[in-house]
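# Survey of secondary and tertiary structure
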Amino acid sequence: MKIERIRGGARADTDDDVAVEAPLEIRVGGKALTVVMRTPGHDEELARGFLYAESLIDAAADIVSVTRPEALTGDELGNVVDVTLRPGARTPAGERLFYASSSCGVCGKNAISALRVRAPVVSSSLTVT
């Protein structure tokens, strides 16, 4: 990412690395289960580990595949994985919300579309020098 760095009163354009955090929606059989925050990459492994760690599957063999659904747009593009379980595997039942003791409000949502903020526009004359 290009940034403008100021050191000792001198300005210089330079490149800088920025860590990215983005939501990942985990679906099981096409149905939204939850959203977790992650640094993009290794999403398949994250989904597999999440399902196992939360006791939603009994073993790694319960998962047939983890894929990215086609025809996604907007915020969902690149941020959704769909898990297919083997026939006969225990399926997460009903709606399950995952408690997070401190978060930005993303963790615990069951779909990326649920993240949209529906609030009035704030009008202010506040300025910062």
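Strand pairing in a sheet is mediated by backbone hydrogen bonds. Such pairs are either parallel or antiparallel. Strand order in the open sheet formed by four strands is S4-S3-S6-S5, with mixed pairing between adjacent strands. The open sheet has two edge strands with one neighbour each: strand S4 (31-38) and strand S5 (63-67). Between one strand axis and the next, the sheet turns by 25° as a mean value, whatever way the strands run. Both strand S3 (residues 22-28) and strand S6 (residues 80-85) contribute to a ladder of four bridges, which runs parallel. The residue of S6 that forms the bridge with Glu25 is Val80. Along the sheet, helix H1 (residues 43-53) contacts S3, S4, S5 and S6; its crossing angle with S4, the most-contacted strand, is approximately 115°.

Across the chain, pLDDT averages 84, with 82% of residues at or above 70. Predicted confidence in the chain is weakest over S4, with a mean pLDDT of 89, and strongest over S5, with 96.

Even without a glycine there, the phi angle at His42 is positive, about 60°. Mapped onto the elements of the fold, His42 is located in the loop between S4 and H1. Positive phi, close to 65°, is recorded for Ala71, a residue that is not glycine. Structurally, the position occupied by Ala71 is in the loop between S5 and S6.

About the thresholds
Residues numbered from 1 in each chain as written. Predicted model: local features only at pLDDT ≥ 70, side-chain atom pairs only at ≥ 80, totals over all residues. Heavy atoms only, no water. Pairing = 2+ DSSP bridges. Helix = DSSP H or I, 4+ residues; strand = E, 2+ residues; numbered from the N terminus. Axes fitted to C-alpha atoms, helices over the stretch in contact; angles between N-to-C directions. Contact = heavy atoms within 4.5 Å. pLDDT = per-residue confidence, 0-100.

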